Amino acid sequence: MDWLVSPDASRIAWTYIEQGADGQLRSFTRVSDIQGDDIRDVLVDGPRPNRHAAPVAFGGDGATLFMDNRPLLQPGEAQRAGFAHLFALSLYEGFTRPLPDEPGCLCGAAFGAGQILRLQLAADLDGYELVQRDLNGDLRGRIAAPALPGFTAATHLLAAPDGSRALYTLSQQRGGSDGGGQAVRSVFVLADLEEGSSLILGEPVRELLRPVSWSDGDNTVIITSGDPLRDGTWKLDLTDGALLRVARATWLGALAN
């Protein structure tokens, strides 16, 4: 089951999956208020092979749910960091519409402050770019990602609450030198959405880390491990890129009334 809570904590959306005897998938999406009342079925997707719908973000208009058609995880497979095929669902009319340039690469995306942010391959397929659109899909701008040879994944995109900045991860994965397992390196990129610029924060680290929440007046970002088998919580200082470990446990989120 995939689920999410709206930014104002007033509603919840969730999707559950059924797999038929032929292996085809059907996914059923519902929404309710946060108390679990007013449950409504909003989408039945499928049957389709190997992919299923999942909620990604509530739209700021209160009438839209952004969703992804993502590959089915196999037993023991780690949760994928990117989104495969984003689309918008009207919660009251029930129709869907594809978002521009979808399906795209298995890259990061973020929604909020009246805009859609999507990491995608550049037009020349040499590196990535961060694409800004309004909620109708109209283009606002493109910001080239820093060129880092061998860093072939752009994921874990997190937008600032005021929509002025975004933080994402560029990562590199290759076979371990001993022939067993994978060697992973990742680095954070801070994008200024108003100036259209981006810069690398700090030095690459030898693991996959992901930003999960802005903190300290949006001067730092809470970081957790992208490896589900490794715990830990850090803070990333956005002024100098310093990474400070603050807990051995993994920060999951916060509950509020």
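The following paragraphs examine the structure supplied in this document. The structure displayed is predicted, hence computed values, not measured ones. (Residues numbered from 1 in each chain as written. Predicted model: local features only at pLDDT ≥ 70, side-chain atom pairs only at ≥ 80, totals over all residues. Heavy atoms only, no water.)

### Some remarks on a nonpolar patch on the surface
Thought 1: On the surface, Met1, Trp3, Val5 and Ile34 cluster together into a nonpolar patch covering about 450 Å² of accessible area.
Thought 2: Looking at where tryptophan 3 falls in the secondary structure, it is placed in strand E1 (residues 2-5). (Patch = residues over 30% accessible without salt bridge, like charges linked within 9 Å, V, L, I, M, F, W, Y side chains within 5 Å. Areas by Shrake-Rupley, 256 points an atom, 1.4 Å probe, with all protein chains shown as cover. Salt bridge = Lys/Arg side-chain N within 4 Å of Asp/Glu carboxyl O. Helix = DSSP H or I, 4+ residues; strand = E, 2+ residues; numbered from the N terminus.)

### Comments concerning the nonpolar core
Thought 1: Counting 19 residues, the largest nonpolar core has Leu130, Leu157, Tyr168 and Leu170 as its most contacted members.
Thought 2: For this core, the elements supplying multiple residues, two or more each, are strand E10 (115-121), strand E11 (128-134), strand E13 (153-159), strand E14 (165-175) and strand E15 (182-192).
Thought 3: In this structure, leucine 157 is in contact with Gly108, Ala109, Ala110, Leu117, Arg118, Leu119, Leu130, Ala166, Leu167 and Tyr168, ignoring residues within four places of it in sequence.
Thought 4: Grouped together as the second largest cluster of nonpolar side chains are 13 residues, Leu167, Leu190, Leu236 and Leu238 included. (Core = buried A, V, L, I, M, F, W, Y, C linked by side-chain atoms within 4.5 Å. Buried < 20%, exposed > 50% of the residue type's maximum accessible area, 1.4 Å probe, protein only. Contact = heavy atoms within 4.5 Å.)

### Here's the deal with the state of the cysteines
Thought 1: Scanning the model with the defined rule gives one disulfide in all.
Thought 2: Paired by a disulfide, cysteine 105 and cysteine 107 hold their sulfur atoms 2.1 Å apart. In this structure, the disulfide formed by cysteine 105 and cysteine 107 twists by about -120° around the S-S bond and is classed as left-handed. In terms of burial, cysteine 105 and cysteine 107 fall into one category: buried. (Disulfide = S-S within 2.5 Å.)

### Notes on the sheet that holds strand E3 (residues 24-33)
Thought 1: An order of E1-E2-E3-E4 is seen for the four strands of this open sheet, with the pairing classed as antiparallel. Either end of the sheet is taken by a strand with one partner, and the two such strands are E1 and strand E4 (40-49). Taking each pair of neighbouring strands and ignoring which way they run, the sheet shows an average axis angle of 15°.
Thought 2: The sheet contact formed by E1 and strand E2 (residues 11-19) spans four bridges and is antiparallel. If you follow leucine 4 over to E2, its bridge partner there is alanine 13. (Pairing = 2+ DSSP bridges. Axes fitted to C-alpha atoms, helices over the stretch in contact; angles between N-to-C directions.)

All we've got here are geometric facts, nothing functional implied.
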